[in-house]
Amino acid sequence: MKFLVINGPNLNMLGIREPDIYGRQTYGDLVRLVSEAGEEAGVETECFQSNHEGDIVDKIQQAYGAFDGIVINPAAYTHTSVAILDALKAVAIPAVEVHISDVSAREEFRKVSYPGMACIRTFAGFGFEGYRMAILYLKEYLINAG
Ligand code: CA2
């Protein structure tokens, strides 16, 4: 089983600012957690981060036929990107959305997620652990889907 883990804009800045919302750990720490969570689950993982919407759309398209599942934190594109929603729908690869913060308890504009409309589940507000939860959930989902 092979999962693509996508992180959107500014998540490469983790640990540098806004530690009260996103914690003190860095993007490198997140990549390590994903790799460890994948190993524990017996799933191969690849991490991809981009600040560019089109690059994220390209990466989702390239995942077609190459990955069994997608874990995605679209970051700010969560609240704006119909293009990422359409790309997820186009490839129809089971996807789980992750947010480090609890987006439902923040500003009104963070309550809408376009990519989330193509995802089977969202984990929000669990910090980096949300990525581990997403990997395990996706693995179980795919096993049950046969
Ligand atoms: O909680 C999340 O994971 C978010 O996807 C993070 C996005 C935000 O726009 C979403 O509403 C919720 C922002 C990521 C920005 O990351 C930063 C990292 C360090 C310093 C500043 C921002």
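One structure accompanies this document, and this report is about it.

Procedures and definitions
Counting restarts for each chain, with residues numbered from 1 along the sequence as it is written. Confidence filtering applies because this is a predicted model: local features only for residues at pLDDT of at least 70, side-chain atom pairs given and counted only at 80 or more, and all residues used for totals across whole chains, interfaces and linings. Note that the side-chain values use all heavy atoms of the structure and ignore hydrogens as well as water. Take the buried residues of types Ala, Val, Leu, Ile, Met, Phe, Trp, Tyr and Cys, join any two whose side-chain atoms come within 4.5 Å, and each joined set is a nonpolar core. Working definition: with a 1.4 Å probe on protein chains only, accessible area under 20% of the residue-type maximum means buried, over 50% means exposed, and in between means partly exposed. Secondary structure follows DSSP: runs of H or I at least 4 residues long count as helices, runs of E at least 2 residues long count as strands, and numbering of each begins at the N terminus. Contacts between residues were defined by any pair of non-hydrogen atoms, one from each residue, lying within 4.5 Å. The term salt bridge refers to a side-chain nitrogen of Lys or Arg lying within 4 Å of a carboxyl oxygen of Asp or Glu. Note on terminology: near, applied to a residue and a molecule or strand, indicates that one of the residue's heavy atoms is within 4 Å of it. Polar contacts, as used here, are pairs of N or O atoms within 3.5 Å; protein pairs need one atom able to donate a hydrogen and one able to accept it. Residues neighboring in sequence count only if both atoms are side-chain atoms. Surface accessibility in these figures is a Shrake-Rupley result with a 1.4 Å probe; residues are shielded only by whichever protein chains are displayed. Ten residues, namely Ala, Val, Leu, Ile, Met, Phe, Trp, Tyr, Cys and Pro, are considered nonpolar, four, namely Asp, Glu, Lys and Arg, are considered charged, and the remaining ones, Gly among them, are considered polar. Axis lines are fitted to C-alpha atoms, over the contacting stretch for helices. Their N-to-C directions set the angle, which ranges from 0 to 180 degrees. By definition in this entry, angles of less than 35 degrees are roughly parallel, angles greater than 145 are roughly antiparallel, angles of 65 to 115 are roughly perpendicular, and the rest are oblique. Rotating anticlockwise by less than a right angle from the far helix to the near helix defines a left-handed crossing, while the corresponding clockwise rotation defines a right-handed one.

**Structural notes on the nonpolar core**
Then, number 1: Grouped together as the largest cluster of nonpolar side chains are 23 residues, with contacts concentrated most on Leu30, Val71, Tyr131 and Ile135.
Then, number 2: When contributions to this core are tallied by element, the ones reaching two or more residues are β1 (2-7), α2 (27-41), β4 (95-99) and α5 (129-145).
Then, number 3: Element by element, the count of residues in this core is highest for α2, at six residues.
Then, number 4: Contacts of Leu30, omitting those with residues within four sequence positions, involve Asn7, Leu14, Phe128 and Tyr131.
Then, number 5: Counting residues in each nonpolar core, the second largest holds 18 residues, with Ile72, Ala87, Ile93 and Ala95 among its members.

**Focus: the environment of Ala63**
Then, number 1: In this fold, Ala63 is placed in helix α3 (residues 53-63).
Then, number 2: Along the chain, Ala63 and Leu142 lie 79 residues apart, while their C-alpha atoms are 16 Å from each other.
Then, number 3: Not counting residues up to four positions away in its chain, the partners in contact with Ala63 are Leu4, Ile70 and Ile93.

**Section: the pattern of salt bridges**
Then, number 1: Counted according to the given criterion, the structure contains seven salt bridges.
Then, number 2: Across the pair Lys59 and Glu46 runs a salt bridge, and its minimum N-O distance is 2.9 Å. Residue Lys59 is found in helix α3, and its partner Glu46 is found in strand β2 (residues 44-49); the two are separated by 13 residues along the sequence.
Then, number 3: A residue is classified by how much of its surface remains accessible, and Lys59, at 17% relative accessible area, is buried.
Then, number 4: For Glu129, the salt bridge is made with Arg132, and the minimal N-O distance between the two is 2.8 Å. Taken together, the residues span about one helical turn, with Glu129 and Arg132 both in helix α5 at a distance of three residues.
Then, number 5: A cluster of three or more residues bridged by salt bridges with shared partners is formed by Glu40, Glu129 and Arg132.

**A closer look at the site of the ligand**
Then, number 1: Neighbouring the ligand are 17 residues, the closest being Asn73, His79, Ile100, Ser101 and Arg110.
Then, number 2: Between an oxygen atom of the ligand and a main-chain N or O atom of Ala76, the distance comes to 3.5 Å.
Then, number 3: Between the ligand and Ile100, the relevant distance is 2.7 Å, taken from an oxygen atom to a main-chain nitrogen or oxygen of the residue.
Then, number 4: Taken by itself the ligand offers 510 Å² of open surface, and the protein chains cover 92% of this.
Then, number 5: For the shell around the ligand, the class distribution of residues is nine nonpolar, five polar and three charged.

**Quick look at the packing of α2 against α5**
Then, number 1: Look at α2 against α5: their axes get within 9 Å of each other, and the N-to-C directions meet at 30°. When the axis of α2 is compared with that of α5, the two are roughly parallel. When the axes of α2 and α5 are compared, the crossing they make is right-handed. Each of Leu30, Leu33, Val34, Ala37, Gly38, Glu40 and Ala41 in α2 lies in contact with α5, whose residues at this interface are Glu129, Tyr131, Arg132, Ile135, Leu136 and Lys139.
Then, number 2: Class assignment for the residues of the contact of α2 with α5 results in eight nonpolar, one polar and four charged.

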